[in-house]
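Observations on the model geometry
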Amino acid sequence: MVEEYIRLLIKNGEDGQGLPSQRDIAEKLEVSRTTVKSALLHLQNEGQITSQSRRGIQINKKKDVNLLSMSSLSDELAGENITIEHMDSRLVSVPKNLRDFFGDSLKNIAEIKRIRYRNGVPFSYEITNIDENKFSDITQVNLTNKSLYRVLKESYNTVPVYGFENISATLATDEIRMHLDVAEKTPLYIVESFNFAKSDQPVEHTVQYLSGENFKYHFMAKDILGYQKEANDDIV
Amino acid sequence: MTLFKTLYLDLASKIDNGEYQKGGVLPSEGELQKIYQVSRTTVRKAVDLLVADKKIIRRKGIGLFVAPSMSNQTIFDMAGIIKQTDINKEYKIFIRDIFLRKANPFFADVFDINDDELLYAVSFMNQSKTSTLLEKLWLPLDYFPDFDINTLKVTPILEVVNSGKLDVQDLYQDFQLIEASEEEAKLLDIAIGSPLFKITNMFSDSDKQIIAIEVKIQDALKVKYTIDFN
């Protein structure tokens, strides 16, 4: 009950807004401070609030990203002072797990590494694999502050039309934590996407590491049972 | 007509006309023997036939249930929904608790109902060999007057939610990475602070009214989710 009261404050509050003190909440709800502390701890575990000794407890509204779209993350966060650092592009041999996706005959593949920053703070580290035979000289393209999808569309006349994503989690390894500037073993999302153009043509594969503290994802599925309703309409 | 055929037809018609709710529990085979005054073999033959017809499912150690309309595979095949990559065919549902409680300000706000309207709050676990899922479900009594908790044991949540007074149209799924609290760590047998995935599903009807909320929590390092899109 205490937790729900605080959740409502969070829901109606803004990012960075302070919450009433533990004592004030305890008094208002007529419960012990221990109860309030326990509720706050749970919400802190969820990343809904942050607790900093001087500033007290603040609401942490995670950046809410709609991943069910073909737009890249940069489109999603347009206008939020996002910068993209293009770290490296090179040819590598096709990793085993991507041979099915790109086709057995492919020997080498372009590998593009980038980091995205929001207000100067790194939040995403991504590695994209794309066939340089189909997208010639893609390794020569400078992708600093540029959306890869825009480059594919404008320079190569290719637009991905469907795909799928796998979402899992990992604890930050040395290489990744260096790029994302997080502590060792920080939990991160791994979002792995496979994108196709018409006729099942593989376009690109990207693995993206994202901080869990700052992000949450949402997916909106509309009319999910539509096919069922149609079927039932026929049976009268 | 043979005895088992009579029994079979009787049960089949009760299932077809909804007397036995989809996903609902049936009398056990032992109870059926008593009710219909027939032998164990007769009951078994009739039930076998109903299972073959996919009208009933047998859950070892739990009982007989009317088969739900949707299987986990149906749901898995739906695009645009985030789903676990390896869905487990062999899983068991353990109901931890169920309360009928007042909505109170938070859920009243979320569901857009009055503070003092009643709400089912169910807490349960989905356990398979490879993973454990902590689940919570909130169903306003008004929308689910005939809610039967036993249906949770065999019926996909989407179907449970669609079996109330209102039809489900849209699903909003919220996906977060959180740290295990003490209680969660204990239930999932992991260290406090370990990463967990928390998925909040909000089901709404054609009037954009949220009719049910489901929360799923599991060990983030052990599971993978997939979503298709076009």
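These numbers come from a predicted model, not from an experiment. (Residues numbered from 1 in each chain as written. Chains lettered and ligands numbered in written order. Predicted model: local features only at pLDDT ≥ 70, side-chain atom pairs only at ≥ 80, totals over all residues. Heavy atoms only, no water.)

Comments concerning the overall build of chain A
Secondary structure assignment for chain A yields eight helices and ten strands. Classification of the 236 residues of chain A by burial places 50% in the buried group. A separation threshold of at least 6 residues defines the contact pool for chain A, and within that pool the share at least 24 residues apart is 58%. (Helix = DSSP H or I, 4+ residues; strand = E, 2+ residues; numbered from the N terminus. Buried < 20%, exposed > 50% of the residue type's maximum accessible area, 1.4 Å probe, protein only. Contact = heavy atoms within 4.5 Å.)

With respect to the nonpolar core
Counting 50 residues, the largest nonpolar core has B:Leu158, B:Val161 and B:Phe203 as its most contacted members. Once residues within four sequence positions are removed from consideration, B:Leu158 is found in contact with A:Ile224, A:Leu225, B:Met70, B:Ile75, B:Met78, B:Val168 and B:Phe203. Listed in part, the 18 residues of the second largest apolar core include A:Tyr189, B:Leu177, B:Phe197 and B:Tyr225. (Core = buried A, V, L, I, M, F, W, Y, C linked by side-chain atoms within 4.5 Å.)

Side note on the UniProt feature "domain: HTH gntR-type" (unreviewed entry) in chain B
According to UniProt, the feature "domain: HTH gntR-type" (unreviewed entry) maps to residues 1-69 of chain B in the numbering used here. Its end C-alpha atoms 30 Å apart, residues 1-69 of chain B is made of 51% helix and 12% strand. (UniProt positions renumbered as here; feature names shortened; annotations may be inferred.)

Looking at the pattern of salt bridges
Within the structure shown, the criterion is met by 20 salt bridges over all chains. We note a salt bridge from B:Arg101 to A:Glu4, for which the minimum N-O separation is 2.8 Å. Taken as a pair, B:Arg101 in strand E4 (residues 91-102) and A:Glu4 in helix H1 (residues 2-12) lie in two separate chains rather than in one. Close ionic contact of A:Arg114 with A:Glu126 constitutes a salt bridge, the shortest N to O distance being 3.3 Å. Here A:Glu126 lies in strand E6 (residues 121-130) and A:Arg114 lies in strand E5 (residues 108-118), a separation of twelve residues in the sequence. (Salt bridge = Lys/Arg side-chain N within 4 Å of Asp/Glu carboxyl O.)

As for the packing of aromatic side chains
All names here are of chain B. In this structure the tally under the stated criterion is 18 aromatic pairs over all chains. Measuring from centroid to centroid gives 5.1 Å for Phe-106 and Phe-107, while their planes differ by 75 degrees, and the two rings are edge-to-face. When the centroid spacing of 5.2 Å and the interplanar angle of 55 degrees are considered together, the rings of Tyr-120 and Phe-147 count as tilted. Residue Tyr-120 is found in strand E5 (residues 118-128), and its partner Phe-147 is found in the loop between strand E6 (132-140) and helix H6 (157-162); the two are separated by 27 residues along the sequence. A relative accessible area of 14% places Tyr-120 in the buried class. Overall, the relative accessible area of 14% leaves Phe-147 in the buried class. (Phe/Tyr/Trp six-rings, centres within 6.5 Å; stacked < 30°, edge-to-face > 60°.)

Quick word on the interface of chain A and chain B
Contact residues are listed per partner, giving 45 residues for chain A and 44 residues for chain B. Buried surface at the junction of chain A and chain B, summed over both partners, amounts to about 3900 Å²; 60% is from carbon and sulfur atoms. Broken down residue by residue, the surface that chain A buries against chain B is led by A:Glu4, A:Phe219 and A:Ile224, which jointly contribute 16%. Inspection of the chain A/chain B interface yields four salt bridges. Between B:Asp174 and A:Lys216 there is a salt bridge, and its shortest N-O distance comes to 3.3 Å. Summed over the shared surface of chain A and chain B, the number is 20 residue pairs in polar contact (both at pLDDT 80 or more). A total of ten residues in the side of chain A that touches chain B trace back to one element, the largest contributor, which is strand E7 (residues 162-171) of chain A. The class makeup of the residues in the side of chain A that touches chain B is 20 nonpolar, 13 polar and twelve charged. (Buried area = accessible area lost by both parts, 1.4 Å probe. Polar contact = N/O pair within 3.5 Å; in protein donor to acceptor, adjacent residues only side chain to side chain. Nonpolar A, V, L, I, M, F, W, Y, C, P; charged D, E, K, R; others polar.)

A closer look at the packing of helix H2 (residues 29-36) of chain B against helix H3 (residues 40-52) of chain B
All names here are of chain B. Between H2 and H3, the least distance of the axes is 9 Å, while the angle of their chain directions is 115 degrees. When the axes of H2 and H3 are compared, the pair comes out roughly perpendicular. Where H2 crosses over H3, the handedness of that crossing is right-handed. When H2 is examined against H3, the residues Glu-29, Leu-32 and Gln-33 are found in contact with a partner set consisting of Arg-40, Val-43, Arg-44 and Val-47. Residue composition of the contact of H2 with H3, grouped by class: three nonpolar, one polar and three charged. (Axes fitted to C-alpha atoms, helices over the stretch in contact; angles between N-to-C directions. Parallel < 35°, antiparallel > 145°, perpendicular 65-115°, else oblique. Left-handed = near helix turned anticlockwise from the far one by under 90°.)

So, the pairing of strand E9 (residues 201-211) of chain A
Residues and elements named next belong to chain A. Burial runs high along E9: ten of the eleven residues are buried. Here E6 pairs with E9 via seven bridges, running antiparallel. The partner of Ser-124 across the bridge, within E9, is Leu-210. Pairing between strand E8 (residues 187-197) and E9: ten bridges, direction antiparallel. (Pairing = 2+ DSSP bridges.)

Examining the domain arrangement of chain B
Residues and elements named next belong to chain B. Entries for chain B in the domain assignment read domain 1 (3-66) and domain 2 (75-227). Taking only C-alpha atoms into account, the centre of domain 1 sits 29 Å from that of domain 2. Listed by partner, the interface residues are eleven residues for domain 1 and ten residues for domain 2. Surface buried jointly by domain 1 and domain 2 totals about 810 Å² across both partners, of which 57% is contributed by carbon and sulfur atoms. Put simply, domain 1 and domain 2 have zero salt bridges between them. Taken together, domain 1 and domain 2 are joined by two residue pairs in polar contact (both at pLDDT 80 or more). Looking at the side of domain 1 that touches domain 2, the elements with two or more residues in it are strand E1 (56-59) and strand E2 (63-66). Classifying every residue of the side of domain 1 that touches domain 2 gives five nonpolar, three polar and three charged. (Domains from an automatic or database assignment.)

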